[in-house]
Amino acid sequence: MNWLSQNWERLGELLLNHVALSIPAIVISVLVAVPIGRLAFRKPILGGPVLGAASLLYAVPALPLLVVIPALAGLSPRSPWVMVIALSLYGIALLVRTSADAFAAVDRTVREGALAVGHSPASVFWRVDLPLALPVLIPGIRVVTVSTISLVTIGALIGVSSLGSLLTDGFQRGIVASVITGVVATVALALAFDGLLLLAGRVLTPWRRWSHEPRGGIPVDR
Amino acid sequence: MIEFDAVSKIYPGGSEAVREFSLRVPSHRTVVLVGSSGSGKTTLLRMVNRMVDPTAGRVLIDGEDIQSRDPVQLRRSIGYVLQQGGLLPHRTIADNIATVPILNGMPRKQALAEVPALMARVGLDPGFARRYPGQLSGGQQQRVGVARALASDPNILLMDEPFGAVDPIVRRELQDELLRLQAELGKTILFVTHDIDEAFRLGDEIVVLKEKGLVAQRGTPQQILAAPADEFVRDFVGVGRAERQLVLEEVDGRTLAVDGDGRPVGILRA
Amino acid sequence: MNLVEAFRWIADPGNWGGTSGIAARIVEHLWVTFLSLLAAAAVALPVGVLIGHTGRGAGVIGAFTGAFRAIPTLGLLTLFGLLLGIGLAAPMLALVILAIPSLLAGAYSGIHSVDPTIAGAARAIGMSPAQVITRVELPLALPVLIGGIRAATLQIVATATLAAYTADYGLGRYLFAGLKTRDYPQMIGGAIIVIALALILELLLAAVQRTIDQRVTRPSTREKLGSRHG
């Protein structure tokens, strides 16, 4: 507690850094993965290889990726962009499959019904496909958000400042309180974002309150 | 012989499935429990092999209270056929049929050697032995289910809507097959269905159930059709339905039986 | 170009031999992965199977796996490192704990996905609870269960790389040593080797999963192939 009261300001600063790294990565993941996922669903010939590539990409360990990206992209090893690129890649890899599943879960007859009553293909996407895909999509985005926020900490190993810095500093200087603060703050941040998305999901899919929740399995992931 | 002695079943949570039901199923006879959903018929059937234990009352087999029997051993001594076969999708037809004898300790080789005869008995081509359930039609899977139930030669067969999931023509074939088998084997059969026509075709005795195992009427098909006990049974049996209202009509010197819609259904033998 | 030098570092036979050579480090990395997986599986698989079989405690698994995702792996590694000292015990403990959720979820979801009427039928014809699990539920759950093992394995390989931060073990050492001494060819070369190792394991386990999936869920295709040969 003593340590925490002396490092209050630093915690706030690191928290901001953490959020500033996480949000762009999450937004980029969603913006890139959803269209790719829809394409993978609509064109199964493309979909197979795309989903295969995504699962391979997801298998790449994080720290080595952080080390290789600057060499590939010609960036400085400590640039925050390295972190954002790596996190986005994981997010995309994770979310492409979920997006494809989400669009596949939309009832075909509803889509055809919408076309039949005169929606244009574009308005079918915005008014039918996308809203009806949300019940599967949002849990996927929640998983991406939580794992992104947790993964940001690894950046501290290559010198990108975040809540992870509390972990590395604490370890180097033997301060357990610093490490515990880092872990707790990261988990709290992740759960706060998760809660926000859960609420957003409820607001965006009001019709679900009157239907039975599907008997959901638990996603197997890392 | 199976006896239900005032059995009741209240599930945890308070929903009552069966209230004070009693019945004797004599050996070598087919008794059909018929009723709509909520009549408790499946619960009653499942009490016989202790898939469900009654909350009150007893079930006896040949005079012995089955509560004292080990459920697993009991189940291995009773043939059970259920809707859609309940076959193991990852085992071959032969393995499925030989399951119970192997569970009972018969060497696998010997159990498998008896499979072709069992398949022939239920009207299946023994050539299917090495296939998987997914490769067979619904009717064929159902025959496998019957063969599996017969494999350890049990005295008792429990059949839980076994022909409910197949189309009417196949259902008719399977019913005929069961009648033929029963004439040959003389098992004690407890059969559950919601289809009164199936009950009339298969049952030596029929028990019509209202809700919660309440007996509306029991008797032979003839007795039930001739004298329905009440409005419920009359409706259930469909005494008023056109196809049950037969009149005789003379046509070219022969006597036809004609139903309520005027459609001929048969010829009266001289 | 760092990348070219990294590949030159990998290609140098002088870097492969000896007790701290690449070959020895790969063996170390795989060994620690295998041991952690084994320990985690010994805990998680029986529990997951039991919960899937009885249906009791399923909500706990959901909450458990969800909350675990939020815990930073580096946090566990550094915390255990401080508490248990610099050695293999701290990272091993972290690796085992981090692998448990995937294995638990895989075992639970696999058993849970088995059609309850099939398990019920197996019970009705006289299989004991243990026989229902070993002869019916486990074989049918295998593809999903292997998926959990696959996820856990890759999680461990990745985290074992981080583990070199607190213990001198495995391929991660090249990354941290390179980082500290600004030996970028070594650092990037080490990273490439870890990535290659992870991808090979992923492809291998994916192939295993596919094969088992075909055996279990579509045995008919195997039969068709068999009949063509005989």
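Reading the values: rules and limits
Residues numbered from 1 in each chain as written. Chains lettered and ligands numbered in written order. Predicted model: local features only at pLDDT ≥ 70, side-chain atom pairs only at ≥ 80, totals over all residues. Heavy atoms only, no water. UniProt positions renumbered as here; feature names shortened; annotations may be inferred. Helix = DSSP H or I, 4+ residues; strand = E, 2+ residues; numbered from the N terminus. Pairing = 2+ DSSP bridges. Contact = heavy atoms within 4.5 Å. Axes fitted to C-alpha atoms, helices over the stretch in contact; angles between N-to-C directions. Expected span 1.5 Å × (residues − 1). Buried < 20%, exposed > 50% of the residue type's maximum accessible area, 1.4 Å probe, protein only. Buried area = accessible area lost by both parts, 1.4 Å probe. Nonpolar A, V, L, I, M, F, W, Y, C, P; charged D, E, K, R; others polar. Salt bridge = Lys/Arg side-chain N within 4 Å of Asp/Glu carboxyl O. Polar contact = N/O pair within 3.5 Å; in protein donor to acceptor, adjacent residues only side chain to side chain. Domains from an automatic or database assignment. Core = buried A, V, L, I, M, F, W, Y, C linked by side-chain atoms within 4.5 Å. Phe/Tyr/Trp six-rings, centres within 6.5 Å; stacked < 30°, edge-to-face > 60°. Lys NZ or Arg CZ within 6 Å of the ring centre and 35° of its normal. Arc of directions from axis to C-beta.

- By the naming in an unreviewed UniProt entry, chain C is Osmoprotectant transport system permease protein, taken from Tessaracoccus oleiagri.
- For chain C, the Sequence similarities (unreviewed entry) comment in UniProt is given as "Belongs to the binding-protein-dependent transport system permease family."

- Looking at an unreviewed UniProt entry, one finds chain B named ABC-type quaternary amine transporter and attributed to Tessaracoccus oleiagri.

**What to know about the UniProt feature "domain: ABC transporter" (unreviewed entry) in chain B**
Then, in step 1: The sites that carry the UniProt feature "domain: ABC transporter" (unreviewed entry) are, in the present numbering, residues 2–237 of chain B.
Then, in step 2: End-to-end, the C-alpha atoms of residues 2–237 of chain B are 26 Å apart, and along that stretch the chain is 38% helix and 25% strand.

**Let's talk about the sheet that holds strand β4 (residues 56–61) of chain B**
Residues and elements named next belong to chain B.
Then, in step 1: One open sheet accounts for 4 strands, arranged β2-β1-β4-β5; its pairing is antiparallel. Edge positions in the open sheet fall to β2 (16–25) and β5 (64–65), since each of these has one partner strand only.
Then, in step 2: Sheet analysis places strand β1 (residues 2–10) next to β2, joined by 6 bridges and oriented antiparallel. By the bridge assignment, Glu3 is partnered in β2 with Arg24.
Then, in step 3: Lying over the sheet, helix α1 (residues 41–48) contacts β1, β2 and β4, oriented at roughly 120° with respect to β1.

**Examining helix α4 (residues 62–73) of chain A**
For an α-helix, the turn length of 3.6 residues means that residues three or four places apart are oriented alike.
Residues and elements named next belong to chain A.
Then, in step 1: Taking 1.5 Å per residue, 12 residues should reach 16 Å; α4 reaches 16 Å between its end C-alpha atoms and fits that length.
Then, in step 2: In terms of burial, α4 is a largely internal element, 10 of the 12 residues being buried.
Then, in step 3: Here α4 has its buried residues at Ala62, Leu63, Pro64, Leu65, Leu66, Val67, Val68, Ile69, Pro70 and Ala71.

**Observations concerning the interface of chain B and chain C**
Then, in step 1: Taken residue by residue, the interface counts 20 residues in chain B and 21 residues in chain C.
Then, in step 2: Together chain B and chain C conceal approximately 1900 Å² of surface at their shared face, both sides included; 64% is due to carbon and sulfur atoms.
Then, in step 3: Among the elements of the structure, α2 (71–76), β6 (78–82) and α3 (93–103) of chain B are those that each provide at least two residues to the side of chain B that touches chain C.
Then, in step 4: Its residues placed into classes, the side of chain B that touches chain C shows 10 nonpolar, 5 polar and 5 charged.

**Focus on the arrangement of the chains**
Then, in step 1: Of all 2 pairs of chains that touch, the greatest number of contacts is found between chains A and C.
Then, in step 2: If you take every C-alpha in chain A and every C-alpha in chain B, the smallest gap between them is 21 Å, and the two do not touch.

**Brief notes about the interface of chain C and chain A**
Then, in step 1: Taken together, the contact pairs 50 residues of chain C with 42 residues of chain A.
Then, in step 2: Around 3900 Å² of area is buried between chain C and chain A when both sides are counted, 78% of it from carbon and sulfur atoms.
Then, in step 3: The interface formed by chain C and chain A holds 0 salt bridges in total.
Then, in step 4: Applying the counting rule to chain C against chain A returns 3 residue pairs in polar contact (both at pLDDT 80 or more).
Then, in step 5: When contributions to the side of chain C that touches chain A are tallied by element, the ones reaching two or more residues are α1 (2–11), α3 (58–70), α4 (73–84), α5 (89–112), α7 (129–163), α8 (172–181) and α9 (184–217) of chain C.
Then, in step 6: Of the residues forming the side of chain C that touches chain A, the biggest block, 10 residues, is contributed by α9 of chain C.
Then, in step 7: Per-class residue counts for the side of chain C that touches chain A are 30 nonpolar, 16 polar and 4 charged.

**Considerations on the domain arrangement of chain B**
Residue and element names in this part refer to chain B.
Then, in step 1: Splitting chain B by domain gives domain 1 (2–241) and domain 2 (242–270).
Then, in step 2: Every contact between the two is made by 9 residues of domain 1 and, on the other side, 4 residues of domain 2.
Then, in step 3: Note on domain 1 versus domain 2: buried area summed over both sides is about 470 Å², and carbon and sulfur give 32% of it.
Then, in step 4: Linking domain 1 with domain 2 are 2 salt bridges, by the criterion used here.
Then, in step 5: Among the elements that line the side of domain 1 that touches domain 2, the one with the most residues is helix α8 (residues 196–202), at 3 residues.
Then, in step 6: When the residues that make up the side of domain 1 that touches domain 2 are grouped by side-chain class, the tally is 5 nonpolar, 2 polar and 2 charged.

**Observations regarding the UniProt feature "transmembrane region" (unreviewed entry) in chain C**
Residue and element names in this part refer to chain C.
Then, in step 1: Those residues carrying the UniProt feature "transmembrane region" (unreviewed entry) are residues 30–53, 74–100, 138–167 and 187–208 in this numbering.
Then, in step 2: For the annotated span residues 74–100, helix accounts for 85% and strand for 0% of the residues, and the straight-line distance between the end C-alpha atoms is 16 Å.
Then, in step 3: Taken as a whole, residues 187–208 contains 100% helix and 0% strand, while its terminal C-alpha atoms sit 32 Å from one another.

**Quick word on the UniProt feature "domain: ABC transmembrane type-1" (unreviewed entry) in chain C**
Then, in step 1: If you check UniProt for "domain: ABC transmembrane type-1" (unreviewed entry), the listed places come out as residues 26–205 of chain C in our numbering.
Then, in step 2: With 86% helix and 0% strand, the stretch residues 26–205 of chain C has end C-alpha atoms that lie 18 Å from each other.

**Regarding the nonpolar core**
General note: in soluble globular proteins, nonpolar side chains tend to be found buried as a group.
Then, in step 1: Grouped together as the largest cluster of nonpolar side chains are 94 residues, with contacts concentrated most on Leu63 and Leu157 of chain A together with Ile188 of chain C.
Then, in step 2: Among the elements that line this core, the one with the most residues is helix α5 (residues 80–104) of chain A, at 14 residues.
Then, in step 3: Not counting residues within four places of it along the chain, the set of residues in contact with Leu63 of chain A comprises Ile154, Leu157 and Ile158 of chain A together with Leu162, Leu175 and Phe176 of chain C.
Then, in step 4: Residues Ala98, Leu136, Ile224 and Phe236 of chain B belong to the second largest nonpolar core, which totals 43 residues.

**Some remarks on the packing of aromatic side chains**
Then, in step 1: All told, the structure shown has 10 aromatic pairs over all chains when counted by the stated rule.
Then, in step 2: Their ring planes at 45° and their centres at 5.4 Å tell us that Tyr165 of chain C and Phe176 of chain C sit as a pair that is tilted. Here Tyr165 of chain C is found in the loop between α7 and α8, whereas its partner Phe176 of chain C is found in helix α8, with 11 residues between them in sequence.
Then, in step 3: Taking the relative accessible area as the measure of exposure, Tyr165 of chain C reaches 16% and is therefore buried.
Then, in step 4: With relative accessibility at 10%, the residue Phe176 of chain C sits in the buried group.
Then, in step 5: Through a chain of ring-to-ring contacts, the aromatic side chains of Phe103, Phe125 and Trp126 of chain A assemble into a single cluster.
Then, in step 6: Its end group placed over the ring of Phe103 of chain A, Arg38 of chain A keeps NZ or CZ at 5.9 Å from the ring centre.
Then, in step 7: We note Arg25 of chain C situated over the ring of Tyr174 of chain C; from NZ or CZ to the ring centre the distance is 5.9 Å.

**Section: helix α3 (residues 44–59) of chain A**
Residue and element names in this part refer to chain A.
Then, in step 1: Here α3 is 16 residues long and its end C-alpha atoms lie 22 Å apart, about the 22 Å a rise of 1.5 Å per residue gives.
Then, in step 2: Among the residues of α3, those classed as buried are Gly47, Leu51, Ala54, Tyr58 and Ala59. Buried residues of α3 fall within an arc of 140° about the axis and therefore sit on the same side. Of the exposed residues in α3, those oriented more than 90 degrees away from the buried face are Ile45 and Pro49.

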